[in-house]
Amino acid sequence: MRGRLFRRMFGSAMTGLTYAAAVLAILPLAVIFAMLLVKGAGSINWDFFVKSAVPFGEPGGGFAHAIVGTLIMVSLACAFGLPIGVGTGVFLAEFGGGRLGFTVRFVADVLNGVPSIVISIFAWTWLVKPTGHFSALAGGAALAMILVPIVARTTEEMVRLVPNSLREAALALGYQRWRATLQVVVRTALSGIVTGCLVAIARVAGETAPLLFTALGNEFFSTRLNGPMAALPLQVWRYALGPYDEWHREAWAGALVLITLVLALSLIARAVVRAKRQHA
Amino acid sequence: MTAPPPARPAASNAQAAPATVPRLATDALTAWYGSTSGVRDVTLACRENTVTALIGPSGCGKSTLLRSLNRMHELVAGARVTGRVLLDGYDIYDAAINPVQVRRRIGMVFQRPTPFPTMSIAENVAAGLAVGKQVSGADRDGIIERALRRAALWDEVKDRLHDSPLNLSGGQQQRLCVARTVAPEPEVILLDEPTASLDPAGAAHIEELVQELKREFTVVIVTHNLQQAARVSDVTAFFYLGELIEVGPTSRMFTAPEKAQTEAYITGRFG
């Protein structure tokens with residue numbers, strides 16, 4: 001009798017511990033979000049989204065230049081990075097058995113671990129110093145350098161998940177290798193690839209270090225790709241370190257917008273997966 | 001130097017092609033995996049509109065042989081073939097031949113049903129058409145219907161041609177794969193243990209199908225089910241440890257086999 005009771009209690013205690021671990025993992029996100037809501041929601045207004053920065057200390061103004069800047073540079077990063085990343089992922093999954101595949105995979109894994117400040121300095125050396133000015137293009141390129149290895153690895157994993165029998169069935173129908181790969185294999189893996197891309201984009205949207213030496217940031221609204229451009233994380237950083245209360249309030253609001261953007265992208269990614277599962 | 005085979009001969013029910021040149025034949029065919037051979041020195045002939053069954057215990061090389069017949073074997077790294085495989089007398093392994101073209105004339109149905117999950121039922125059936133000559137929209141629908149009728153699946157799916165094939169049962173999915181294989185009108189159909197993953201009812205459907213298919217195509221079927229081989233085939237070839245032991249009309253093979261090994265396998269003494 002006593003043995004059984006002890007066993008059950010021990011089992012429940014262990015289960016309880018795993019639940020506690022899960023709660024502890026979720027807690028930081030919940031706390032961060034709650035804190036940002038409390039501190040930042042008050043400063044979110046229409047002006048925040050449509051007005052750019054105003055002279056120091058003056059009330060009003062907003063983050064429009066930073067939001068637009070982030071959108072532009074993330075789009076540039078996608079334009080440069082997604083084709084290369086997805087293409088590399090497909091290569092690794094379909095043809096990556098040999099020496100070259102091993103090398104590419106290794107390099108991608110290393111790049112995934114390179115600190116973003118190093119990427120920033122690298123981009124500065126090759127894209128900013130030679131041209132003589134900071135630019136949104138350089139910022140987009142730096143973000144792309146972070147995007148490519150992430151997307152390559154997730155794409156590879158998703159394409160690998162497609163069973164070999166499908167590949168063989170397509171080839172047995174008389175499909176050429178490229179057609180079998182694109183129209184059957186990649187098409188089957190597509191929703192997984194899209195999910196991977198969305199998660200990578202969410203990550204890249206919040207990166208600050210790569211933009212420090214490339215886009216620099218800009219106090220004025222600008223869409224010039226060849227000049228410095230504002231970005232949400234950069235602006236949050238600048239304003240948070242500034243001396244004005246008004247700036248601090250706006251920094252909280254900016255941080256809230258940033259985390260909401262990341263959350264929205266992640267939710268969309270989940271929705272894509274769920275839609276695919278229902279369809280299937 | 002053999003020339004590439006001509007375009008498909010016209011109407012296959014013409015008596016004009018007498019039984020001198022078998023539809024599909026092998027000549028001293030050996031299939032290699034690196035330096036070991038999966039199946040050695042096979043010389044076999046399949047006449048038009050017949051069903052040839054390849055039987056033998058696991059690992060005897062029958063699937064390897066089958067995959068050599070439509071140049072799927074060479075897709076494995078390190079795999080190659082020596083000897084010849086003759087489609088209407090022309091060697092499909094000739095250096096001038098594109099293997100992709102061969103696979104459009106020799107179709108294959110695999111052990112597990114493999115419908116393409118991102119395509120609808122109709123799109124699956126038409127999947128093989130995309131790589132052949134262009135067909136117009138109306139023709140395409142006609143071809144899809146004909147293929148599904150030949151696969152005895154039309155009545156069951158005609159109202160849901162645009163649905164996902166993943167809602168079909170295993171047997172229906174396998175029949176869909178058969179429809180997909182016959183739609184582009186190949187000349188030979190290879191079946192690699194097509195009923196292995198099906199329930200008895202589904203398997204029975206496929207066996208009826210094989211009898212129907214032989215009227216228009218030449219069929220080669222690999223099966224580990226001896227009763228199935230006896231039921232559906234006209235010619236049976238017995239393999240053991242990579243060698244062709246005996247080949248002959250099915251009725252004779254199952255009642256009066258010549259080799260002792262054949263008799264031992266058929267009576268269930270091993271395998």
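Residues numbered from 1 in each chain as written. Chains lettered and ligands numbered in written order. Predicted model: local features only at pLDDT ≥ 70, side-chain atom pairs only at ≥ 80, totals over all residues.

(A) Up close: the overall build of chain B. Helix and strand counts for chain B come out as ten helices and ten strands. Structurally, chain B occupies a C-alpha span of about 55 × 45 × 40 Å along its principal axes. Counting only residues that meet the buried cut, chain B has 44% of its 271 residues in that class. The contacts of chain B with a sequence gap of at least 6 include a subset with a gap of at least 24, amounting to 69%. (Helix = DSSP H or I, 4+ residues; strand = E, 2+ residues; numbered from the N terminus. Buried ≥ 20, exposed ≤ 12 C-beta atoms within 10 Å, placed from the backbone. Contact = placed C-beta atoms within 7 Å.)

(B) How the structure looks around the interface of chain A and chain B. Opposite the 16 residues of chain A that make contact, chain B presents 19 residues. When contributions to the side of chain A that touches chain B are tallied by element, the ones reaching two or more residues are α7 (164-172) and α8 (177-205) of chain A. Considering every element that reaches the side of chain A that touches chain B, the biggest residue donor is α7(A), with six residues. Per-class residue counts for the side of chain A that touches chain B are eight nonpolar, five polar and three charged. (Nonpolar A, V, L, I, M, F, W, Y, C, P; charged D, E, K, R; others polar.)

(C) Quick look at the environment of Val151(A). Residue and element names in this part refer to chain A. Mapped onto the elements of the fold, Val151 is located in helix α6 (residues 136-160). Residues Val151 and Ala108, 43 residues apart in the sequence, show an inter-C-alpha distance of 9.7 Å. Residue contacts for Val151: discarding those within four places in its chain leaves Gly81, Leu82, Gly85, Val86, Gly89, Gly196, Cys197 and Ala200.

(D) Focus on unusual backbone geometry. Residues and elements named next belong to chain B. If you check the backbone angles, Asn49 has positive phi at about 55° while not being a glycine. The topology assignment puts Asn49 in the loop between β2 (36-46) and β3 (51-55). Although it is not a glycine, Arg71 sits at a positive phi angle of roughly 60°. Here Arg71 shows up in the loop between α1 (62-69) and β4 (79-87).

(E) A look at helix α7 (residues 200-213) of chain B. All names here are of chain B. With 14 residues, α7 extends 20 Å between its outermost C-alpha atoms, agreeing within 8% with the 20 Å of an ideal straight helix rising 1.5 Å per residue. Of the positions making up α7, those classed as buried are Gly202, Ile206, Leu209, Val210 and Leu213. Summarising the axial view, the buried residues of α7 lie within an arc of 105°, below the 170-degree limit, and thus occupy one face. Facing away from the buried side of α7, by more than 90 degrees, are the exposed residues Pro200 and Ala201. On its buried face, α7 is in contact with β3, α6 (170-182), β7 (188-192), β8 (218-222) and α8 (226-232). (Expected span 1.5 Å × (residues − 1). Arc of directions from axis to C-beta.)

These figures come from the coordinates and say nothing about function on their own.
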